[in-house]
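Observations on chain architecture
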Amino acid sequence: MTGRVEGRVCVVTGAAQGIGATYAKALATEGAKLVISDIDDGTAVADEIKASGGEAIALQNDVSHWQSCQEMAAGALKAFGRIDVLINNAAIFGKLERASIEEISPELFDRVLKVNVGGTFLCTKAVLPAMKKQGYGKIINISTSRIFAGLPFYTHYDASKGAVFGMTRAMAKELGDHGIRVNAIAPGSTMSENVKARTDWRDGGPAAKLAGRSLKRLQDPEDLIGACLYLASAESDFTTGQTLVIDGGGAMW
Ligand SMILES: NC(=O)c1ccc[n+]([C@@H]2O[C@H](COP(=O)([O-])OP(=O)(O)OC[C@H]3O[C@@H](n4cnc5c(N)ncnc54)[C@H](O)[C@@H]3O)[C@@H](O)[C@H]2O)c1
């Protein structure tokens, strides 16, 4: 029996832990070859995949630096010869404090946009030569359902993820003729390791979100696997420019 992404080479940024690691392991279970990219060391995730019989390498990259993104693409090609899927998951998020507009410094605002928006742009730019040569590729950007809900104390972060939403549409229109599909996942508040460790909630935290959800339970990283596999596989080959909100029916647009 073959997996849903059998033999596909998937690059997942920010995959050393958290939701990125969940995406990577799920893709490997369905037959993909994984590039675990992160500014931190992702060797443990790659080793876990290999121990389960999969193929994976770990690369240390900073998505906000162009040369590092080019090294990421080159490393993936050296190891596996092609790049089928890029998941732009790396972001300044889990350790970013809730803050009012007055509390957010101009420098921090710039840094969040540089990593979350600039990183998505640079990683996509880096894999395009390979995807264009193949005439096929899947880019999955990561936004957030917050941008549809309208929530306070994260203006820098929400600005960055709103840009990712817009960029997904622009990229899809530009790259369709090359067989490259660009879609986004917009998760709700999800209990990744860093979210569980948070103490700076100013809006009641994840439990406060349940009242607004159609499906009233906390969201786990595993809730995002279905959307990830759908968008990475051939099942979504006629889908592009779309943003899938996965938040238990909270934000609707
Ligand atoms: N957990 C949630 O509630 C939630 C909700 C909506 C969207 N998201 C998005 O999902 C993604 C993953 O969420 P998470 O909870 O695992 O976040 P997280 O903060 O725990 O993980 C982010 C990962 O990105 C890496 N990273 C940060 N800066 C980087 C850089 N410059 N270069 C390369 N890697 C870098 C980090 O090392 C980390 O491993 C993020 O894009 C986040 O914005 C999360």
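Rules used throughout
Residues numbered from 1 in each chain as written. Predicted model: local features only at pLDDT ≥ 70, side-chain atom pairs only at ≥ 80, totals over all residues. Heavy atoms only, no water. Salt bridge = Lys/Arg side-chain N within 4 Å of Asp/Glu carboxyl O. Helix = DSSP H or I, 4+ residues; strand = E, 2+ residues; numbered from the N terminus. Buried < 20%, exposed > 50% of the residue type's maximum accessible area, 1.4 Å probe, protein only. Pairing = 2+ DSSP bridges. Axes fitted to C-alpha atoms, helices over the stretch in contact; angles between N-to-C directions. Right-handed = clockwise from strand over helix to strand, strands pointing away. Near = heavy atom within 4 Å. Areas by Shrake-Rupley, 256 points an atom, 1.4 Å probe, with all protein chains shown as cover. Nonpolar A, V, L, I, M, F, W, Y, C, P; charged D, E, K, R; others polar. Phe/Tyr/Trp six-rings, centres within 6.5 Å; stacked < 30°, edge-to-face > 60°. Arc of directions from axis to C-beta. Contact = heavy atoms within 4.5 Å. Polar contact = N/O pair within 3.5 Å; in protein donor to acceptor, adjacent residues only side chain to side chain.

Comments concerning the pattern of salt bridges
- Per the counting criterion, the structure on display carries 9 salt bridges.
- For the salt bridge of Arg146 with Asp158, the shortest nitrogen-to-oxygen distance reads 2.8 Å. Here Arg146 is found in helix H5 (residues 146–149), whereas its partner Asp158 is found in helix H6 (residues 155–175), with 12 residues between them in sequence.
- Take Arg146: its relative accessible area is 8%, and that puts it in the buried class.
- Its relative accessible area of 14% is what places Asp158 among the buried residues.
- Across the salt bridge formed by Arg217 and Asp223, the nearest N and O atoms sit 2.8 Å from each other.

Quick word on the sheet that holds strand E2 (residues 33–38)
- Judged by pairing direction, the sheet is parallel, and its 7 strands sit side by side in the order E3-E2-E1-E4-E5-E6-E7 without closing on themselves. Only two strands of the sheet have a single neighbouring strand rather than two, namely strand E3 (55–60) and strand E7 (243–246). Going across the sheet, the axis of each strand differs from the next one's by a mean of 15°, ignoring polarity.
- Strand direction decides the pairing type here: strand E1 (residues 9–13) and strand E4 (residues 85–88), joined by 3 bridges, are parallel.

Some words on unusual backbone geometry
- Of note, the phi angle at Phe153 is positive, near 70°, even though the residue is not glycine.
- Within the secondary structure, Phe153 is located in the loop between H5 and H6.
- Exposure remark for Phe153: the relative accessible area of 27% places this residue in the partly exposed category.

Describing the pairing of E3
- Two elements, E2 and E3, share 6 bridges in a ladder whose sense is parallel. Counterpart to Val35 in the pairing with E3 is Ile57.
- Note on the crossover from E2 through helix H2 (residues 43–51) to E3: the handedness is right-handed.

Some details on the site of the ligand
- Taken together, 28 residues surround the ligand, and among them Asp38, Tyr157, Thr190, Ser192 and Asn194 come closest.
- Considering the ligand on its own, with 830 Å² of exposed area, one finds that the protein chains cover 94% of that surface.
- At the level of elements, helix H1 (18–29), H6 and helix H7 (193–196) are the ones that each hand at least two residues to the shell around the ligand.
- Taken together, the residues of the shell around the ligand break down into 11 nonpolar, 13 polar and 4 charged.

A few points about the packing of aromatic side chains
- Enumeration over the complete set of coordinates arrives at 6 aromatic pairs.
- For the pair Phe148 and Trp253, a centre-to-centre distance of 4.8 Å together with 15° between the ring planes defines the contact as stacked. Residue Phe148 is located in helix H5, and its partner Trp253 is located in the segment after E7; the two are separated by 105 residues in the primary sequence.
- An aromatic cluster is present here, built from Phe93, Tyr154 and Tyr157 joined pairwise through their rings.

Remarks on H2
- Turning to H2, its buried residues number three or more, namely Val45, Ala46 and Ile49. The arc that holds every buried residue of H2, seen down its axis, measures 100°, which confines them to one face. In H2, the exposed positions that point more than 90 degrees away from the buried face belong to Ala44 and Ala51.
- Summarising the contacts, the buried residues of H2 are in contact with H1, E2 and E3.
- Immediately downstream of H2, the backbone of Gly53 shows phi near 95°, a positive value.

Re the environment of Arg181
- By the element assignment, Arg181 lies in strand E6 (residues 180–187).
- Residue classification places Arg181 among the buried residues on the basis of a relative accessible area of 18%.
- Placed 60 residues apart in sequence, Arg181 and Gly241 show a C-alpha to C-alpha distance of 7.4 Å.
- Non-local contacts of Arg181, meaning those with residues more than four positions away in its chain, are made with Tyr136, Gly137, Lys138, Ile139, Ser236, Asp237, Thr239 and Thr240.
- At a separation of 2.5 Å, a polar atom in the side chain of Arg181 contacts the main-chain carbonyl oxygen of Gly179.

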